[in-house]
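Summary of structural features
Single-letter residue listing:
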Amino acid sequence: MFTITANLGKLAVRDGPCRRGFGLQHLTAVLVSSLLSQVVFAAPTVTDIEFASRPGSKFEVRLDFDETPPAMEAYTIEKPARISIDFLGASSALDRKSYSLPYGNATGVVVLESGDRTRLVLNLVKLVPYETRVEGNSLFLVVGEDDSGDYLKPVSDPHALTSAGDKVLREESRIEDLQFQRTGTGEGRLTLTLADPKVDVNVFSEGGDVKVQFLDTTVPERLMRRYDVTDFATPVNNIDVSSTERGSILTLETTGEFDYLAYQTGNEYVIEVKPLTRQEVEDRRDEFSYVGERISLNFQDIEVRAVLQLIADFTELNLVASDTVSGRITLRLQNVPWDQALELVLRTKGLDKRQVGNVLMVAPAAEIAERERQQIEANRQVAELAPLQSEFIRVRYASAANLVNLFGAGSEEGGSLISSRGSVIVEPRTNSLIVTETASKLVEIRELIQVVDIPIRQVMIEARIVIAQSDLEKELGIEWGGALRDTDFNGNTVVVSGDTDNVAGALTAGETAEVNFPGALLVDLGVASSAGQFAVGFASEDLFLTAELSALEAAGRGEVVSQPKVITGDKQRATIKSGTEIPYQEGSLSGQNTTSFKEAVLQLDVTPNITPDDRILLDLTVSQDSIGALVPSGQGGFIPSIDTTELVTQVLVSNGETVVLGGVFRSEDLDTVTKVPFFGDIPYIGRAFRNESTSKTKTETLIFITPRILADRLLD
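Residues numbered from 1 in each chain as written. Predicted model: local features only at pLDDT ≥ 70, side-chain atom pairs only at ≥ 80, totals over all residues. Heavy atoms only, no water.

**Examining a positive patch on the surface**
We count it as follows: Every patch collects residues that have over 30% relative accessible area and no salt bridge, joining them within 9 Å if they carry like charges and within 5 Å if they are nonpolar side chains (Val, Leu, Ile, Met, Phe, Trp, Tyr). Computed with the Shrake-Rupley method and a 1.4 Å probe, the accessible areas treat only the protein chains shown as cover for residues. Salt bridges are defined by distance alone: a side-chain nitrogen of Lys or Arg within 4 Å of a carboxyl oxygen of Asp or Glu. Charge counting treats Lys and Arg as positive and Asp and Glu as negative, with His and both chain ends excluded. All charge positions are set by atom: Lys at NZ, Arg at CZ, Asp at CG, Glu at CD. Think of it this way: any DSSP run of H or I at least four residues long counts as a helix, any run of E at least two long counts as a strand, and we number them from the N terminus.
On the surface, a cluster of positive charge is contributed by Lys 474, Arg 557, Lys 696 and Lys 698. Counting through the fold element by element, Lys 698 comes out in strand E43 (residues 690-709).

**Considering a nonpolar patch on the surface**
Heads up, the rule is: Relative accessibility under 20% of the residue-type maximum defines a buried residue, over 50% an exposed one, and the middle range a partly exposed one, all with a 1.4 Å probe and only protein chains included.
Taken together, the side chains of Leu 476, Phe 534, Val 536 and Leu 549 define a hydrophobic patch exposed on the protein surface, amounting to about 370 Å² of accessible area. Looking at the element boundaries, Val 536 is found in strand E35 (residues 532-539). Taking relative accessible area as the criterion, Val 536 reaches 44% and is therefore assigned partly exposed.

**Description of the pattern of salt bridges**
Within this structure, the stated rule accounts for 27 salt bridges. With a shortest N-O distance of 2.9 Å, Arg 457 and Asp 614 are connected by a salt bridge. In this pair, Arg 457 is assigned in the loop between helix H7 (439-452) and strand E31 (458-487) and Asp 614 in the loop between strand E39 (593-610) and strand E40 (615-632), connecting sequence segments 157 residues apart. Sharing partners across several salt bridges, the network here consists of Asp 86, Asp 116, Arg 117 and Arg 119.

**Structural notes on the side chain of Asn 655**
Stated precisely, the cut-off is as follows: Whenever a nitrogen or oxygen atom comes within 3.5 Å of another N or O atom, the pair is scored as a polar contact, on the condition that within protein one atom can donate a hydrogen and the other can accept it, and that pairs from neighbouring residues in sequence are kept only if both atoms are in side chains.
Position of Asn 655 relative to the elements: it lies in the loop between strand E41 (638-654) and strand E42 (659-675). A relative accessible area of 7% places Asn 655 in the buried class. A distance of 2.9 Å separates the side chain of Asn 655 from the backbone nitrogen of Ile 709, its partner in a polar contact.

**Focus: the packing of aromatic side chains**
Inclusion rule: For Phe, Tyr and Trp, rings pair up if their centres lie within 6.5 Å, where Trp contributes its six-membered ring, and each pair is then called stacked (planes under 30 degrees apart), edge-to-face (over 60) or tilted (otherwise). Consider the ring centre and the ring normal. A charge sits over the ring if Lys NZ or Arg CZ is within 6 Å of that centre and within 35 degrees of that normal.
Evaluation of the coordinates by the stated rule reveals five aromatic pairs. Between Phe 65 and Phe 87, the ring centres sit 5.4 Å apart and the planes meet at 65 degrees, which makes this aromatic pair edge-to-face. With a gap of 22 residues between them, Phe 65 in strand E4 (residues 59-65) and Phe 87 in strand E6 (residues 82-88) connect regions that are remote in the sequence. Across this residue pair, the class does not change: Phe 65 and Phe 87 are buried. Cation over ring: Arg 133 sits above Phe 140, and NZ or CZ is 4.4 Å from the ring centre.

**Notes on the environment of Val 61**
Using the following cut-off: Whether two residues touch is decided by their heavy atoms; if any such pair falls within 4.5 Å, the residues are in contact.
Its place among the elements puts Val 61 in strand E4. C-alpha of Val 61 to C-alpha of Val 142: the two residues are 81 residues apart in sequence and 6.5 Å apart in space. With residues up to four places along the chain from it excluded, the contact list for Val 61 reads Ile 49, Glu 50, Phe 51, Leu 120, Leu 139, Phe 140 and Leu 141.

**A word on the sheet that holds strand E26 (residues 351-356)**
Here is the rule we go by: The criterion for strand pairing is that DSSP finds at least two bridges linking the strands in question. The angle between two axes is taken between their N-to-C directions and runs from 0 to 180 degrees, where each axis is a line fitted to C-alpha atoms and a helix contributes only its stretch in contact.
Taken together, the three strands give an open sheet; going across it, the order is E24-E27-E26, and neighbouring strands pair in mixed fashion. Each edge of the open sheet is held by one strand with a lone partner, namely strand E24 (318-321) and E26. Strand-to-strand twist of the sheet, defined as the mean angle between neighbouring strand axes without regard to direction, takes the value 20 degrees. Relative to strand E27 (residues 359-364), E24 is paired through four bridges, and the arrangement is parallel. Looking at E27, one finds that Ala 321 is bridged to Val 362. Contacting E24, E26 and E27, helix H3 (residues 304-315) crosses the sheet at an angle of about 160 degrees to E24. Each of E26 and E27 touches helix H5 (residues 365-385); the most contacted strand, E27, lies at about 110 degrees to it.

What follows is the structure, given as structure tokens:
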């Protein structure tokens, strides 16, 4: 009889007790079935890998297997951003292990085979969603997200509608009301009423102020302002209530030494700020300066080394004392932190300490300083003798030429990032750097570039200049005249009229005396372009009189809207202008005329600065010029004048908020009287010898500004 033992795919045949019915044919069947099982359960193999770009900011990785892809396990890492997928029981037949990717958010792919699995590692700049699918013997990995959303960053309006017909955004929480009061002990108590007690709150101290951050919480517009509570005589001077994309922030500006306490009871959240006395301030400083366990030491004329050994035994630290540590000391310390007791002993004897892990090194201060100086010098010498390496670094967003100026900053080894042996070459065509330096310097340079080389947030600034004009014009005038038929001394018939061409004209035989209006005007003070006229007349055989009253009333309204828009990066100046250049002739002393130009343009000059709370500080210059009247140049030509409307200001605006920067209001009232001398001044009767007109013009210019932060996904 044979005994068969299977171990790692090998068959070992050993002698053993015989068993009836077991023979060579049975052994052959077992061997054949074992070989068939190895063929059936052969591991799938990765045969090919391909990469393709997808619409938007997506890309695709395709893995081909020699059979259906096996089961996989996937996980992600945020820092550094990676997507890892393990294919269980698979092997790799790829001729390479590493592949570089030309896509903006991906740096490379690594495929490694280890043990019973094959791992795919996708290195990213920023972690983004991904999808996997299996088609036949291929596995597809699609990385990225759609860019079909709104390009603008959402404004901080919790009631905004996403689009027509969409539902109102659900409010997670809301601050309904706030109250501030002073307690009997001089504390400042801020009580907030919440609509939902389930709120995520973060209370912390920053720059001497107390900040309370409510995540996913909105604040009514009536509460969003700055409260001056100085009159309450508490450590709190002002309370600022603001809203950000993440929620709401309350900042309690304080003065002096204080302590604060925050707690919640039901729908009320309370922040108490308590002033500290001088004794409480000193106790706090002592409490937080030394945090070691308390120890009591009472010795008379004891060696310093022995005291150090006692403290090391108490703290369970390893002690290394220099040979120069000597002397004796007398001390009596009751219930003091051990780190304070150690500092007192060292300061008394001019000693210093360095702690590395759980090892405490003690030596004279001058000796430690000299040792550290020698260590720095040794590190510098090692760096000077270290071999140089060359590395090609591609800069994504910043200017490679500008980054070189930052390499003069200090490094861990002292001096600048580029040593006297190193060099940096800027390749402008690909915006890359070729750096030759030691390995440690290259690591520092890469870390600096990784921090600085990031996309700049962008802002779209929309300005609107509205010029509204209304005018009213009234005019009233009169025209009257006539003619008289009479005979002269010789008995001839003559006609006397207001016509200057026929003051006394004699009629010949057969002519008919005719007087044509308006040729016979005596007073011509009518309205030039009248809207209405009223005429009367009187005629007889010898006399003809006419009078015509004309009037005009005109009213008009006009509005001119100019709307320049510009997109620029954070802290990047942008200018946009539209208009004309007006040519004009200028004379010179030589007698030759030259052509010069003047601009009459609409111009927007802006520099935005995005604050940490997603508001925009704008440095603005808005101007609108128009062509005015022509004025003589003094050299025989005319120069056009330019009517200018300009605004230069700095303003802080919330994202998506429209603010009126300024305006100009101009009103013109004009009353004009045209009359016949002397007759026009006669009371009542003088109206028949006057033309009266009234003109009123109002012009108002308003300048609006609306900044909008573009969505962050446009920067990926």
